[in-house]
Amino acid sequence: RPPRSTLFPYTTLFRSVDDKISTLRQIANLTIDIPEHNKTVIDAFTFSSDKKEAMKILEGARPISCTWGDVHFRKHIVFICDTSGSMSANMKTPSGAVMSRLRFVVEQLSDVLINTINPDQMFNLVRFSSSANAWKPGVVAVNSANVQSAVQFASQWSPGGSTNMLSSLNLAMADPNAQGIVLLSDGEPDGAQSTMLQNVAAWAAKGNVVNTVFVQSGGAANPAAAKFMCDLAKAGKGVCRDRRAHV
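A short tour of the structure in this document, coming up. Given the structure is predicted, the values throughout are model-derived calculations rather than measurements.

Quick look at the state of the cysteines now. Working definition: the covalent bond between the sulfur atoms of two cysteines is a disulfide. Within the structure shown, the criterion is met by one disulfide. Residue pairing for Cys230: its cysteine sulfur links by disulfide to Cys240, the two sulfurs lying 2.4 Å apart. Where Cys230 bonds to Cys240 through sulfur, the torsion about that S-S bond is close to -60°, and the disulfide is left-handed. Residue Cys230 is found in helix α9 (residues 223-235), and its partner Cys240 is found in strand β9 (residues 240-243); the two are separated by ten residues along the sequence. The class of Cys230 is partly exposed, set by a relative accessible area of 31%.

Quick look at the structure:
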C-alpha cells in the first residue's frame, strides 16, 4: 500500500482538533508527499468541517520536491540540469514507471515550476552537456507566461554529449541578480573540479548559495561523482541531496 504521509505522525501527536489544524498550517510546506497520499492526513480529522479545513491547507501548500529539494532558500533561483548522454539511462520511478533519468527530472522540474515556486520569486533554467545554454539571459519573474515558457523549454531537452558542468555554473553565476543555484547531475564533470570549487566558494562568499542534487537511479554506480557533488554544495554553503537510492 502507499506509504503514510510524512505529516501523519505530527497530526496524531495532539489531543485537540485546534492543535492539529494549527500544526498542519505550520508544517504543510515541509511535506514531500504526492497529492494522493494526503488522504492519510485528512483521515486524522473526525468532523467534516475539520477535514475541509485540512484539505484547504494542503491544497494551498507548496511542498518540497523529492528530487529538487527546497526551492525557497533564496528568492532568485537558477535551476541547472545535466542533459549529458548518461541521463538517457532508464530508471524506475517511485510510482513504478520506467523512464530515462532526464525525462524524470524534467517532469519533477516542471512540477516545481507549476506548483512549488512562489509567485514573489524569480528564476531561470540552464542545461548543460558538452556546452551550456540558458532559457533566459537572467532570472525572470514567476508568472503563468514565464512558467509555461520554461516548462516548454525543458520539455525539449534530450540527452547527449559530455558533462561540461563548469560552463553551466559560470553561466548561472554571471547573472548579477541570481542568489541561489540548484544543480542536478548524474555524473562526474569532464574536468576543472578545482576551478569549480573555487568559483562556487567565491560566489557563496557574497551571500549566495549553491545546492546540488545527485541522481543516479539505474545505470552504473559512480561514487566519485556523488562525492564531488557534495563537495560542490559544501563549497557553495548549500545542501547536497544524494538521490542514488530514492528519487
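Our next topic: unusual backbone geometry. For Ala192, which is not glycine, the phi dihedral falls at a positive 65°. Residue placement: Ala192 occurs in the loop between β7 (180-185) and α8 (193-204). Even without a glycine there, the phi angle at Lys237 is positive, about 55°. You can see Lys237 is positioned in the loop between α9 and β9. Lys237 sits in the exposed class, given a relative accessible area of 60%.

Thresholds applied
- Residues numbered from 1 in each chain as written.
- Predicted model: local features only at pLDDT ≥ 70, side-chain atom pairs only at ≥ 80, totals over all residues.
- Heavy atoms only, no water.
- Disulfide = S-S within 2.5 Å.
- Helix = DSSP H or I, 4+ residues; strand = E, 2+ residues; numbered from the N terminus.
- Buried < 20%, exposed > 50% of the residue type's maximum accessible area, 1.4 Å probe, protein only.

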